[in-house]
Amino acid sequence: MAGNGSGEFQAGQSGLVVRVPEAEPAVRAWRDRLDPSARAGVPAHVTILFPFLHESRIDDGTHAAIREVIGRHHPFEARFERCGRFPGILYLAPDPDAPFRRLTEAIAKRWQETPPFGGQFDEVVPHLTIAQGQDDAVLKEAEADLRARLPVTARVSSVELLVHDGTRWQQRASFALR
């Protein structure tokens, strides 16, 4: 998940993510050092939708609607065996990525006022961020280390709602895939 243009998160922001605890042993040290979202309490994850609704707009009806949309999707396995790059960003690429894309598309279709990443990108690429805002030498060092720690296989069975409390990201709800 990314913060606003200043790199900081705002109280009340929310996002929907798939936690990838299986990746933590391989990525935690790098993420703690190089990913601001990790330092703000976000676990290893693949973002489904960020930013989502402001916390003030999330109620029992919203939870029920998220549960209904997420519940249309089946649990799946994803394998993370290679790194990828965006400018200044290093990530792990899930294979397959189609189930993550379908989750994002379904949530974005239901809440059209919250396009993925604020509508900044023409294509949303599912990924598990390792480093953000780093120079190429740092990214190369992290990537070389990670190659020796891969692959990681994860079982995806839920989507988590995270909300920023002004200091850290907190899990507020979990929605099971069918």
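Before going into details, it helps to say that this report is about the structure given with it. (Residues numbered from 1 in each chain as written. Predicted model: local features only at pLDDT ≥ 70, side-chain atom pairs only at ≥ 80, totals over all residues. Heavy atoms only, no water.)

### What to know about helix 5 (residues 136–147)
Then comes step 1: For helix 5, built from 12 residues, the straight-helix expectation of 16 Å at 1.5 Å per residue is met to within 8% by its first-to-last C-alpha distance of 16 Å.
Then comes step 2: Along helix 5, the residues classified as buried are V138, L139, A142, E143 and L146. All buried residues of helix 5 fall inside an arc of 130° around its axis, so they share one side. Those residues of helix 5 that are exposed and angled more than 90 degrees off the buried face are A137, K140 and R147.
Then comes step 3: Lining the buried residues of helix 5 we find helix 1 (24–34), strand 3 (76–86), strand 4 (89–95) and strand 5 (128–132).
Then comes step 4: Two to three positions downstream of the cap, the backbone nitrogen of A137 sits 3.1 Å from a side-chain oxygen, assigning the N-cap of helix 5 to D135. (Helix = DSSP H or I, 4+ residues; strand = E, 2+ residues; numbered from the N terminus. Expected span 1.5 Å × (residues − 1). Buried < 20%, exposed > 50% of the residue type's maximum accessible area, 1.4 Å probe, protein only. Arc of directions from axis to C-beta. Contact = heavy atoms within 4.5 Å. Polar contact = N/O pair within 3.5 Å; in protein donor to acceptor, adjacent residues only side chain to side chain.)

### Examining the environment of Y91
Then comes step 1: Inspection of the secondary structure puts Y91 in strand 4.
Then comes step 2: Between the C-alpha atom of Y91 and that of D122, which follows or precedes it by 31 residues, the distance is 19 Å.
Then comes step 3: Beyond its immediate chain neighbours, meaning those up to four positions away, Y91 contacts R82, C83, G84, R85, F86, V125, H127, L128, T129 and I130.

### Here's the deal with the sheet that holds strand 4
Then comes step 1: Strands sit in the order 5-4-3-6 across an open sheet of 4 strands; the sheet is antiparallel. Two strands close off the open sheet at either side, each with one partner strand: strand 5 and strand 6 (152–156). Direction aside, the axes of adjacent strands within the sheet are offset by 30° on average.
Then comes step 2: In the sheet, strand 4 pairs with strand 5 via 4 bridges, with the strands oriented antiparallel. Along strand 5, the bridge assignment pairs Y91 with T129.
Then comes step 3: Helix 1 contacts strand 4, strand 5 and strand 6 of the sheet and is inclined by roughly 40° relative to strand 5.
Then comes step 4: Sheet strands in contact with helix 4 (residues 98–110) are strand 3, strand 4 and strand 6, and its direction is about 90° off that of strand 3. (Pairing = 2+ DSSP bridges. Axes fitted to C-alpha atoms, helices over the stretch in contact; angles between N-to-C directions.)

### Observations concerning the pattern of salt bridges
Should their charged atoms come close, side chains of opposite charge can pair.
Then comes step 1: Here the structure, examined in full by the defined rule, presents 13 salt bridges.
Then comes step 2: Linking E143 and R85 is a salt bridge whose minimum nitrogen-to-oxygen distance equals 3.0 Å. Highlighted residues: E143 in helix 5 and R85 in strand 3, separated in sequence by 58 residues.
Then comes step 3: Residue classification places R85 among the partly exposed residues on the basis of a relative accessible area of 32%.
Then comes step 4: Notably, a salt bridge pairs R101 with D97, separated by 3.1 Å at the nearest N-O pair.
Then comes step 5: By relative accessible area, D97 is classed as partly exposed at 24%.
Then comes step 6: One continuous salt-bridge network, built from bridges that share partners, spans R85, D136, K140, E143 and R147. (Salt bridge = Lys/Arg side-chain N within 4 Å of Asp/Glu carboxyl O.)

### Thoughts on unusual backbone geometry
Negative phi values dominate among residues other than glycine, just as trans dominates among peptide bonds.
Then comes step 1: Residue P51 follows F50 across a cis peptide bond; omega there is -10°.
Then comes step 2: For P51, the location among the structural elements is in the loop between strand 2 (45–49) and helix 3 (60–70).
Then comes step 3: The residue after D95, namely P96, is reached through a cis peptide bond having omega 0°.
Then comes step 4: Along the chain, P96 turns up in the loop between strand 4 and helix 4.

### So, the sheet that holds strand 2
Then comes step 1: The strand order 2-1-7-8 describes an open sheet built from 4 strands, whose pairing is antiparallel. The sheet terminates laterally at strand 2 and strand 8 (169–176), the two strands that pair on one side only. Across the sheet, the axes of successive neighbouring strands diverge by a mean angle of 35°, strand direction being ignored.
Then comes step 2: Across 7 bridges, the pairing between strand 7 (residues 158–164) and strand 8 is antiparallel.

Geometric values such as these leave the question of function open.
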